[in-house]
Amino acid sequence: MACTRPPSAPRNVIFNINETALLLEWSPPSDTGGRKDLTYSVICKKCGSDASQCEICGGGIRFVPRHTGLINSSVTVLDFVSHVNYTFEIEAMNGVSELSFSPKQFTAITVTTDQDAPSLIGMVRKDWASQNSIALSWQEPDFPNGAILDYEIKYYEKVYPRIAPAFWHYLRVEEHEQLSYSSTRSKAPSVIVTGLKPATKYIFHIRVRTATGYSGYSQKFEFETGDETSDIAAEQGQILVIATAAVGGFTLLVILTLFFLITGRCQWYIKAKMKSEEKRRAHLQNGHLRFPGTKTYIDPDTYEDPSLAVHEFAKEIDPSRIRIERVIGAGEFGEVCSGRLKTPGKREIPVAIKTLKGGYVDRQRRDFLREASIMGQFDHPNIIRLEGVVTKSRPVMIVVEYMENGSLDSFLRKHDGHFTVIQLVGMLRGIASGMKYLSDMGYVHRDLAARNILVNSNLMCKVSDFGLSRVLEDDPEAAYTTSGGKIPIRWTAPEAIAYRKFSSASDTWSYGIVMWEVMSYGERPYWEMSNQDVILSIEEGYRLPAPMGCPASLHQLMLHCWQKERNHRPKFTDIVSFLDKLIRNPSSLHTLVEDILVMPDSPGEVPEYPFFVSVSDWLDSIKMGQYKTNFMAAGYTTMDLVLRMSIDDIRRIGVVLIGHQRRIVSSLQTLRLHMMHIQEKGFHV
Ligand code: ADE
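Residues numbered from 1 in each chain as written. Predicted model: local features only at pLDDT ≥ 70, side-chain atom pairs only at ≥ 80, totals over all residues. Heavy atoms only, no water.

The next thing to look at is the overall build of the chain. Secondary structure assignment for the chain yields 20 helices and 25 strands. Scored against the burial criterion, the 685 residues of the chain give a buried share of 46%. Accessible surface, the chain: about 34700 Å² in total, of which carbon and sulfur atoms supply 56%. (Helix = DSSP H or I, 4+ residues; strand = E, 2+ residues; numbered from the N terminus. Buried < 20%, exposed > 50% of the residue type's maximum accessible area, 1.4 Å probe, protein only. Areas by Shrake-Rupley, 256 points an atom, 1.4 Å probe, with all protein chains shown as cover.)

Our next topic: the pairing of strand β10 (residues 134–138). Counting buried positions along β10 yields 5 of 5 residues, so the element is predominantly enclosed. Taken together, the 5 bridges between strand β9 (residues 124–129) and β10 define a ladder with antiparallel strand orientation. Opposite Trp 128, over in β10, you have Ala 135 as the bridge partner. Between β9 and β10, which pair antiparallel and follow one another directly, the connecting turn spans 4 residues. Across 4 bridges, the pairing between β10 and strand β13 (residues 190–193) is antiparallel. Paired with Ile 134 across the bridge in β13 is Val 193. (Pairing = 2+ DSSP bridges.)

Below, the discussion takes up the sheet that holds strand β2 (residues 21–27). Taking strand neighbours across the sheet as the criterion, the 4 strands line up as β1-β2-β6-β5 in an open arrangement whose pairing is antiparallel. Both outer strands of the open sheet, β1 (11–17) and β5 (62–64), are each paired with one neighbouring strand and no more. If you compare each strand with its neighbour and ignore which way they point, the axes differ by 25 degrees on average. Direction of pairing for β5 relative to strand β6 (residues 74–78): antiparallel, over a ladder of 3 bridges. Across the sheet, Arg 62 pairs through a bridge with Leu 78, a residue of β6. (Axes fitted to C-alpha atoms, helices over the stretch in contact; angles between N-to-C directions.)

Each disulfide is one covalent bond, formed between the sulfur atoms of two cysteines. What the rule picks out here adds up to 2 disulfides. The partner cysteine of Cys 44 in its disulfide is Cys 57, sulfur to sulfur 1.9 Å. The disulfide joining Cys 44 to Cys 57 has a torsion of about -65 degrees about its S-S bond and is therefore left-handed. Note that Cys 44 is positioned in strand β3 (residues 39–47) and Cys 57 in the loop between β4 (54–56) and β5, a separation of 13 residues in sequence. A relative accessible area of 12% means that Cys 57 is categorised as buried. Disulfide pairing is shown between Cys 47 and Cys 54; the S-S distance is 2.1 Å. Handedness of the Cys 47-Cys 54 disulfide follows from its S-S torsion of about 110 degrees: it is right-handed. Classification of Cys 54 by relative accessible area gives partly exposed; the value is 34%. The connectivity of the disulfide-linked cysteines in the chain, indexed sequentially, is 1-4, 2-3. (Disulfide = S-S within 2.5 Å.)

This is the structure we're talking about:
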């Protein structure tokens, strides 16, 4: 006879559930089997209304400290889903349990999790997709039942098994899917999932976590990453939309014409229509079809006499109402002054006054006033407001609202490191909102850059410097291209440089550069690289690295703005809503790029960087040669060692200036990214 035996089942199982945890407790078995090595194990099953239809709970649920080999007669269950029947089978075991052939002795308890957990996430929307990423957003649950802690996004590639396609229809969708999945978390109801394969379908489902626990997973959503040809598809799509709109518009026109003929209102209609400027507006303008209710930008150059345009869009101001106080700058056409404008019945307001210096020719006057004709068509809080013009006396002037903090680039340089990330994102949000307005109007800026953004005393940013080709003449950053155009290379999308394809999508590229300028407090994009090197690097696929202290989500957005395929870039409306979400959930800005980009610790894994043989060459290349002795004295003699440096190491060896720290960190990040790229591709350096 065996001297010991398995224990009997545990007794008196009770549970205690709160919002986040379920505590199971029991009494030891009445018969320990004559042994002292008693342990417990717990099996979780999810049961429907019919108790015979139970399934094992799976990976979502957690046991603390664990679910087998428990010494104490209690266990805590976490991460359960609400409104589910869980059955827990608790078995007592000892050293001979495994040897016994008799049925297991366990005690079961069923717990229904009816506490106030959040409701399910509803619709999940794809905001945009690139070849390797998909941006998603969704509404917060209707009944969060507490503060939302975060969202878990589970995703996996939708793959088809390696069987003949003829047999696919025998398989359920779930069976097509890979068992392995990835998951990520987001504090905000949006996420950019990166590292995906191009032109590939992925399945996503999302659950929310609050203090009361997890919701169930949302239904599954299928989204696809972009491919190289989707540009063409998108363009064809646009053509289809335009064609459909044109056919629809034509039909509407026929119906209206018949209506007017029948009702005898034709004469009135034709007369009204003949008003020349009305006629001009009724047509396709600036490559955009006008739809009723959409205000469209009118190019002043389409007026035979551009001076008519200025009077259509700008008020003539009596110069006696303007008081010029001081000169604040110099423009291409003359001085820029600050001053005051008195409007009858209103308070005096501060204004900036652009003047046209004497001795101008007709063409200069026309080019000067062109900006007013453009600005006068806009009415948005993030676009510089035109107060009016003086054209009937000398000097000719353009009067605009005064922006106390001047241009954004110099303002940021002056206040390096002084703002919170939220303040910087607030500025970017304002600029994106102004640009959304301009693109909705069909206006393409072509020279969006921090130097062309003005900042007021409330840190509000407004887009300024309008005038298409003229601004480029004015812009010291603009350089002549081989095709003869003058273009601010560092801010301009490759297709605009290569074949002058300017569009709202090329403005989006420039916006990404403005984001980079803002997050680096006015650093010059691509530093001292020559324009030619910038063009070549972009063509080779290089992109600006994240500035120091830049949240990963913002750098991701920049990279999306810098996609080669212009139709893959986000629209300004997407950018505004993405930034809004970040602002509403500031914790989404806590992950910095430098937190993600850590180098592996084991020395063998780091290949020597291929292009910089020595630390000294590298420092020279980023114009930081003055720190060579600091690096050498501190023992950072090879690029292998330098690549492992943290920001603290860089400070410690004596790089004190924040701008210099930033330049070194940014360059190291580029090198690290480059190496990861190489390693990913399996190249051996
Ligand atoms: N410089 C150019 N335009 C300006 C404005 N509107 N306010 C302040 N400074 C400026």
